[in-house]
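# Structural overview
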Amino acid sequence: MKLMLSTMSRMAAAVLLAAATSAFAQKAAMEAGYPSKAIRMIVPFAPGGGTDIIARLVSQDLGQAWGQSVVVDNRGGSGGIVGAELAARSSPDGYTMMLCSLGFSYAPALYRKLPYDTEKDFSPISLVATQPFIYVVVPSLGVSSMKDLIALAKSKPGELRYGSGGSGGSSHLGTELLRVMTGIDVTHVPYKGTGPALTAMLSGEIHFQLIGISSVVPHMKSGRMRALAVSGAKRSSAAPEVPTVAESGVPGYAFDVWYGMLFPAGTPRAIVGKANAELNRVLKSPALAQRFAAVGLEPSGTTSEEFARIIRSETAKWRKVVESAKIRVE
């Protein structure tokens, strides 16, 4: 009996080993031939926005490099949550990726409950691009620098109005970060989109706002708006003469709207590495850099580990800002 059990145990072990070896061989073959079919790139926003524009620019070059179609799949809804949940629940085989934006990192602070975990349910591939925003004021306000604006706001608590494209959006949170760091008391006026907020400023309804630099360059040139400072950690090539907020008396302030690529968690490391290498190669293309520059974007490739650290750092930063500003979106 003991001999029979021993023989059966050895047979079972051999079967398990063979199965494991076969699975490993299949996995290795899959990774070596990746990609062998079309890839879906989920954009968790409606067509026409900044994330969608970047996705279409990058997908075109990735598709050519890989010799496979990279199909943009717009799944907007709930501030990007609908598309992110779909991406998180997709098969981790490398054939579904998602282009996320800065909002991905502050969603955990804005919403009481998310149907996914931003760190545990995704495998970061790389940062893709950054878009500097810029603080602009109406000339009638009589300020010519960020220091002047901060001083005026402190002298008139609650009187200065700033606009945004909606509560919980990038312009809102970026200005709340400024408010928290400087202690100014300003009034937020949310609009239904960037366009209406821009129109409101041109008509004098609001005094200043933080907005994508590409949207206001014409108004800066015409003199209808005055640029005070760019929000990023470094000056923008689109307006190199404009200082950063940090250079203007608020050390440590940095607000870049960033975009990055993710896989669902569990995607094989070899595939993540291949995607990272190819994406970074594409981002170094002069042709893509030129197309990015035309819409106010700067390519920003990283390693997957660096992008993971960025997400963790940004999530922690925005949690503090949202809690301090008492912002909540249901």
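Residues numbered from 1 in each chain as written. Predicted model: local features only at pLDDT ≥ 70, side-chain atom pairs only at ≥ 80, totals over all residues. Heavy atoms only, no water.

## So, the pairing of strand β5 (residues 161–164)
- As defined by bridge partners, β5 adjoins strand β6 (residues 187–190) across four bridges and the pair is classed as parallel. Note on β6: the bridge partner recorded for G163 is V189.
- For the crossover from β5 across helix α6 (residues 170–182) to β6, the handedness is right-handed.
- Pairing of β5 with strand β7 (residues 208–212) involves two bridges; the strand directions are parallel. Paired with G163 across the bridge in β7 is Q209. (Pairing = 2+ DSSP bridges. Helix = DSSP H or I, 4+ residues; strand = E, 2+ residues; numbered from the N terminus. Right-handed = clockwise from strand over helix to strand, strands pointing away.)

## Description of the packing of aromatic side chains
- Here the structure, examined in full by the defined rule, presents eleven aromatic pairs.
- Ring plane angle 90° and centroid distance 5.7 Å describe the contact between Y116 and F122, whose orientation is recorded as edge-to-face.
- Classification of F122 by relative accessible area gives buried; the value is 5%.
- Between the aromatic rings of W258 and F307, the centroid separation amounts to 5.7 Å while the plane-to-plane angle is 85°, which identifies the pairing as edge-to-face. Of this pair, W258 sits in strand β9 (residues 256–264) while F307 sits in helix α11 (residues 304–325), and the two are 49 residues apart along the sequence. For the residue pair W258 and F307, the accessibility class agrees, reading buried in each case.
- Among the aromatic residues, those joined into a cluster by ring pairs are Y106, F133, F255 and W318.
- The ring of Y95 has K37 lying over it, and the distance from NZ or CZ to the ring centre is 4.8 Å. (Phe/Tyr/Trp six-rings, centres within 6.5 Å; stacked < 30°, edge-to-face > 60°. Buried < 20%, exposed > 50% of the residue type's maximum accessible area, 1.4 Å probe, protein only. Lys NZ or Arg CZ within 6 Å of the ring centre and 35° of its normal.)

## Overview of α11
- For α11, with 22 residues, the first-to-last C-alpha span of 31 Å sits near the 32 Å given by 1.5 Å per residue.
- All buried positions along α11 are accounted for by S304, F307, A308, I311, E314, T315, W318, V321, V322 and A325. An end-on view of α11 places all buried positions within 155° of arc, on one side of the element. Of the residues in α11, the exposed ones pointing more than 90 degrees away from the buried face are K320 and E323.
- K326 occupies a position one or two residues after α11 and carries a positive phi of about 55°. (Expected span 1.5 Å × (residues − 1). Arc of directions from axis to C-beta.)

## Overview of the packing of helix α2 (residues 50–66) against helix α9 (residues 269–283)
- For the pair α2 and α9, interaxial distance at closest approach is 10 Å and the crossing angle is 115°. Between α2 and α9 the crossing geometry is right-handed. Listed contacts from α9 to V58, D61, L62, A65 and W66 of α2 are A275, E278, L279, R281 and V282.
- Residue composition of the contact of α2 with α9, by class: seven nonpolar, no polar and three charged. (Axes fitted to C-alpha atoms, helices over the stretch in contact; angles between N-to-C directions. Left-handed = near helix turned anticlockwise from the far one by under 90°. Contact = heavy atoms within 4.5 Å. Nonpolar A, V, L, I, M, F, W, Y, C, P; charged D, E, K, R; others polar.)

## What about the environment of V82?
- With respect to the helices and strands, the residue V82 is situated in helix α3 (residues 81–88).
- V82 has contacts with R75, G76 and G77, leaving out every residue within four places of it along the chain.

## So, the side chain of E278
- For E278, the position within the fold is in helix α9.
- In this structure the side chain of E278 is engaged in a polar contact, spanning 2.7 Å, whose partner is the side chain of R281.
- If we skip the residues at most four places from it in the chain, E278 touches L62, A65 and W66. (Polar contact = N/O pair within 3.5 Å; in protein donor to acceptor, adjacent residues only side chain to side chain.)

## Overview of α3
- Listing the buried residues of α3 in full gives I81, G83, A84, A87 and A88. Buried residues in α3, looked at end-on, bunch into an arc of 165°, giving them a common side.
- Buried residues along α3 sit against β1 (39–43), β3 (96–101), β4 (122–137) and β9.

## Observations regarding the nonpolar core
- V128 and F292 are the most contacted members of the largest nonpolar core, which has 100 residues in total.
- The greatest single-element share of this core, amounting to ten residues, is contributed by β4.
- Setting aside residues up to four positions removed in sequence, F292 forms contacts with I54, L57, V58, V128, A129, L283, L297, E298 and P299. (Core = buried A, V, L, I, M, F, W, Y, C linked by side-chain atoms within 4.5 Å.)

## What about unusual backbone geometry?
- Backbone torsion omega between Y34 and P35 reads -5°, so that peptide bond is classified as cis.
- By the secondary structure assignment, P35 is in the loop between α1 (2–32) and β1.

## Quick word on the packing of helix α4 (residues 103–110) against α11
- At a minimum axis distance of 8 Å, the contact between α4 and α11 shows a crossing angle of 40°. If you check the angle between α4 and α11, you find them oblique. Judged by the twist between their axes, the crossing of α4 over α11 is right-handed. Residues F104, S105, Y106, P108, A109 and L110 of α4 touch α11, and the partners they reach there are I311, E314, T315, W318, R319 and V322.
- Taken together, the residues that form the contact of α4 with α11 break down as eight nonpolar, two polar and two charged. (Parallel < 35°, antiparallel > 145°, perpendicular 65-115°, else oblique.)

Purely spatial values, then, with no claim about function.
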